[in-house]
Amino acid sequence: MNPFGMLKIKPLFEKFCQDHPKVLMFFAAAANEIDKDSVLEISLKTSEGQTMKTNILVNDNDIAIFDEMKKIIAKEG
């Protein structure tokens, strides 16, 4: 990813966290529970009532990403 793109996203992410603190609290709590073979499920219910859903089976590569997310969340918290 372009480093300038990351700089552009940072203030938007900070505003998102201010607007939706429960999301960050969820990931902070879940980050300690996610391990290999955990299933992370994401769903969306649109304003028209449609539901979209996906999931991932966490693998070893994903653990590294979640470990980095833990560090970011700790700094934000």
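In this report, we go over the structure that sits alongside the text. (Residues numbered from 1 in each chain as written. Predicted model: local features only at pLDDT ≥ 70, side-chain atom pairs only at ≥ 80, totals over all residues. Heavy atoms only, no water.)

### Some details on the pattern of salt bridges
Move 1: For the structure on display, the rule yields 3 salt bridges.
Move 2: For K15, the salt bridge identified is with D19, shortest N-O distance 3.1 Å. Here D19 and K15 lie together in helix α1 (residues 3-19), a separation of 4 residues that amounts to about one turn.
Move 3: K15 sits in the partly exposed class, given a relative accessible area of 45%.
Move 4: Of the residues examined, D19 reaches a relative accessible area of 43% and is grouped as partly exposed.
Move 5: Of the charged contacts, one joins K71 and E68 as a salt bridge, the two residues approaching to 3.1 Å between their closest N and O atoms. (Salt bridge = Lys/Arg side-chain N within 4 Å of Asp/Glu carboxyl O. Helix = DSSP H or I, 4+ residues; strand = E, 2+ residues; numbered from the N terminus. Buried < 20%, exposed > 50% of the residue type's maximum accessible area, 1.4 Å probe, protein only.)

### Let's talk about the side chain of D62
Move 1: By secondary structure assignment, the location of D62 is in helix α3 (residues 60-76).
Move 2: Buried charge without a salt bridge: D62, with K36 as the nearest opposite-charge side chain at an N-O distance of 10.0 Å.
Move 3: When residues no more than four places from it in sequence are discounted, the contact partners of D62 are I56 and L57. (Lys, Arg positive; Asp, Glu negative; His and termini not counted. Contact = heavy atoms within 4.5 Å.)

### Focus: the packing of aromatic side chains
Move 1: Under the counting rule described, the total for this entry stands at 1 aromatic pair.
Move 2: Between F26 and F27, the aromatic rings sit 5.3 Å apart at their centres with planes inclined by 75 degrees, giving edge-to-face as the arrangement.
Move 3: The class of F26 is partly exposed, set by a relative accessible area of 49%.
Move 4: Classification of F27 by relative accessible area gives partly exposed; the value is 25%. (Phe/Tyr/Trp six-rings, centres within 6.5 Å; stacked < 30°, edge-to-face > 60°.)

### Considering α1
Move 1: With 17 residues, α1 ought to run about 24 Å at 1.5 Å a step, and its terminal C-alpha atoms sit 25 Å apart, in line with that.
Move 2: At I9, α1 shows its largest bend, some 30 degrees, and a proline, P11, comes one to four positions later. (Expected span 1.5 Å × (residues − 1). Bend = angle between axes of the 7 residues up to and from the residue.)

### Observations concerning a negative patch on the surface
Move 1: On the surface, E33, D35, D37 and D60 cluster together into a negatively charged patch.
Move 2: Checked against the element boundaries, D60 lands in helix α3. (Patch = residues over 30% accessible without salt bridge, like charges linked within 9 Å, V, L, I, M, F, W, Y side chains within 5 Å. Areas by Shrake-Rupley, 256 points an atom, 1.4 Å probe, with all protein chains shown as cover. Charge placed at Lys NZ, Arg CZ, Asp CG, Glu CD.)

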